[in-house]
Amino acid sequence: MSLPQPSNVLPLAGAFDLHSSPGVRDVLAGMIDKKPNRIVVDLAGVTYIDSSGLAVLIDAMQRLEQQSGLLMLAGANENVTTVLESSRLDTYFLIFQHVDAALAAP
């Protein structure tokens, strides 16, 4: 039996690219509109991320920061981590090994 995800956790799976980015942007916008303290994007199931996926994450982080909220990334695999590091976004985002660590962070 799996536990339900908290309402401030967005699990993603598959390619986070030009085709999936608009839908993810819409879901994140809805989550941000509820003014949470933090949103955790669970990247554990993401197999690929491109610049449009990164743009969605950057936009969401900036919108949350305007509300004094935090966007956190969790569970990124080696491929996604490489993209974040090569674009130097690993210094920009709060990145955690897994969702539980992000939720427990101060």
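Cut-off values and rules
- Residues numbered from 1 in each chain as written.
- Predicted model: local features only at pLDDT ≥ 70, side-chain atom pairs only at ≥ 80, totals over all residues.
- Heavy atoms only, no water.
- Pairing = 2+ DSSP bridges.
- Helix = DSSP H or I, 4+ residues; strand = E, 2+ residues; numbered from the N terminus.
- Axes fitted to C-alpha atoms, helices over the stretch in contact; angles between N-to-C directions.
- Contact = heavy atoms within 4.5 Å.
- Buried < 20%, exposed > 50% of the residue type's maximum accessible area, 1.4 Å probe, protein only.
- Lys, Arg positive; Asp, Glu negative; His and termini not counted.
- Salt bridge = Lys/Arg side-chain N within 4 Å of Asp/Glu carboxyl O.

Student: Could you give me a rundown of the sheet that holds strand β1 (residues 9–16), with the residues and numbers involved?
Tutor: Strand order in the open sheet formed by four strands is β1-β2-β3-β4, with parallel pairing between adjacent strands. Looking at strand neighbours, the two that pair on one side only are β1 and β4 (94–96), the edges of this open sheet. Direction aside, the axes of adjacent strands within the sheet are offset by 30° on average. Sitting on the sheet, helix α2 (residues 51–66) touches β1, β2 (38–49) and β3 (70–74), and the angle it makes with β3 is about 145°. Strands β2, β3 and β4 of the sheet are contacted by helix α3 (residues 78–86), whose axis makes an angle of about 110° with β2.

Student: Report on the side chain of D42, specifying residues and quantitative values.
Tutor: Tracing the backbone through its elements, the reader meets D42 in strand β2. No salt bridge is formed by the buried D42, whose closest oppositely charged neighbour, R38, lies at an N-O distance of 14 Å. With near-sequence residues (within four places) excluded, D42 lies in contact with V9, L10, P11, L12, A74 and V99.

Student: Describe unusual backbone geometry, with residues and values.
Tutor: Working note: non-glycine residues mostly have negative phi, and peptide bonds are mostly trans. Of note, the phi angle at K35 is positive, near 55°, even though the residue is not glycine. Its location among the elements puts K35 in the loop between α1 (21–33) and β2. Backbone geometry at R88 places phi at a positive 65°, although glycine is not the residue there. Relative to the helices and strands, R88 resides in the loop between α3 and β4. Residue R88 is classed as exposed on the basis of its relative accessible area, which comes to 60%.

Worth remembering: the numbers are spatial, not functional.
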